[in-house]
Every structure is written in structure tokens, then in C-alpha cells.
Amino acid sequence: LGVGRHRRDQPDSRGTQLLRALDWAVSSSAPSAVRSRADTNRRGVAGHSMGGGGTLRALAADTSGRVKAGVPFAPYHTTKSWSQVNELVTIVGAQNDSIAPTGRTLLNRGQAALHSAGIWPKQLATLKVRGRRSGRQRSLPVVIAAIDG
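Residues numbered from 1 in each chain as written. Predicted model: local features only at pLDDT ≥ 70, side-chain atom pairs only at ≥ 80, totals over all residues. Heavy atoms only, no water.

1. Remarks on the overall build of the chain
Now for step 1: The helix and strand inventory of the chain stands at four helices and five strands.
Now for step 2: Moving toward the C terminus, one meets the helices and strands of the chain in the order α-α-β-α-β-β-α-β-β.
Now for step 3: Here the chain holds 149 residues, and 30% of them are scored as buried.
Now for step 4: When contacts within the chain are restricted to residue pairs at least 6 apart in sequence, long-range pairs at least 24 apart make up 41% of them.
Now for step 5: Looking at the chain as shown, the accessible area adds up to about 10,100 Å², and 52% of this sits on carbon and sulfur atoms. (Helix = DSSP H or I, 4+ residues; strand = E, 2+ residues; numbered from the N terminus. Buried < 20%, exposed > 50% of the residue type's maximum accessible area, 1.4 Å probe, protein only. Contact = heavy atoms within 4.5 Å. Areas by Shrake-Rupley, 256 points an atom, 1.4 Å probe, with all protein chains shown as cover.)

Have a look at this one:
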């Protein structure tokens, strides 16, 4: 289920739209072809760029616990702290993205340092990616979350 976009649409608005779209998909106003495919117990959100920021906002705004996971791709948002998000999140980014950079951020370096010191988290992997043009290998820390179900 996609959410349309508008040039002036900001991540917070997109987060609201994502939650409304999920609610619509399981409501009686949705066509049966949509309702029959919607799993009310396993809802997730995903988005790219500002939609990725909207994904993080949707996860933060969902206090009902209905949304179980999110996958923001190269998420853009002016908010940089998402401590209120408790759901499973997998953030996908690109090493040369100057708008929504990953791998070089203080947060990623901090997580890697804590893991190296044996403090947190217990499951951290390193994703190694070779640059398409440069051929240089980049290492990006990845947190692995184990959840029940």
C-alpha cells in the first residue's frame, strides 16, 4: 500500500499518512481485496528519504503497539533522536548519501565503540560494502535485534 507524495510533504506528515493507510487497510471501508491481504497482527511501515523519516515518525507516534516494525531507506528527518521508538527497525542507507548519511555518523561510531568494549549491544555485525566507483571497502555497523514470534 503506497502513500502519495507532494513536494511540500514533510516526514511528520508522511508518518501520519502511513498510520492512516494501515488503519484504512484493515477497516470496513477498504475493498475486500485489500482487507483479505492485510494482517492486523503484523503491521509494518517503510519509506524512502522523507518517507523513511515518516517511517521513524510513524513508529514514534504509534502508542497502540499495532505497528510492529519499520524499514526506513535513507531516512531524512530533522529529528536525530528516536529513543521513543521501541519497535524493530532496520535502517538502510548509502555511504555517499550527503542528505541522510550513514556509517560516518557519531551514533554509528558510538555503537561500534560500545560493542567493541563489550558493553552494548550483544549482537552487532559489520556490513562490508565495496564502493561501486571507488572500489574501496566501507564497514557499517549493524545492530541485530532478536524478537519473539
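There's more to say after this.
2. Re the nonpolar core
One recurring pattern in soluble globular proteins is that nonpolar side chains are buried together.
Now for step 1: Judged by nonpolar contacts, Leu 18, Leu 19, Leu 22, Val 45, Leu 56, Ala 58, Leu 59, Ala 60, Val 67, Trp 82 and Val 85 together constitute the single largest core of 11 residues.
Now for step 2: Listing elements by their share of this core, those giving two or more residues are helix H1 (11–25) and helix H3 (50–61).
Now for step 3: The biggest single contributor to this core is H3, with four residues.
Now for step 4: Other than its neighbours up to four places away in sequence, Leu 22 contacts Arg 43, Gly 44, Val 45 and Val 67. (Core = buried A, V, L, I, M, F, W, Y, C linked by side-chain atoms within 4.5 Å.)

3. Overview of the side chain of Asp 62
Now for step 1: By the element assignment, Asp 62 lies in the loop between H3 and strand E2 (67–73).
Now for step 2: Comment: no salt bridge for buried Asp 62; closest opposite-charge side chain is Arg 66, at 4.5 Å.
Now for step 3: Within the structure, Asp 62 has its side chain in polar contact with the backbone nitrogen of Arg 66 (distance 3.2 Å).
Now for step 4: Within the structure, the side chain of Asp 62 is placed 2.9 Å from the backbone nitrogen of Val 67, a separation counted as a polar contact.
Now for step 5: If we skip the residues at most four places from it in the chain, Asp 62 touches Leu 19, Val 67 and Glu 87. (Lys, Arg positive; Asp, Glu negative; His and termini not counted. Salt bridge = Lys/Arg side-chain N within 4 Å of Asp/Glu carboxyl O. Polar contact = N/O pair within 3.5 Å; in protein donor to acceptor, adjacent residues only side chain to side chain.)

4. Quick notes on the pattern of salt bridges
Now for step 1: With the rule as written, the count across this model stands at four salt bridges.
Now for step 2: Note that Arg 57 and Asp 12 form a salt bridge whose closest N and O atoms lie 2.8 Å from each other. Taken as a pair, Arg 57 in helix H3 and Asp 12 in helix H1 lie far apart in primary sequence, 45 residues in all.
Now for step 3: Arg 57 gets classed as partly exposed once you look at its relative accessible area, which sits at 21%.
Now for step 4: Taking the relative accessible area as the measure of exposure, Asp 12 reaches 37% and is therefore partly exposed.
Now for step 5: Put simply, Asp 23, Arg 43 and Arg 66 are held in one network by salt bridges that share partners.

In short, geometric facts, not functional conclusions.
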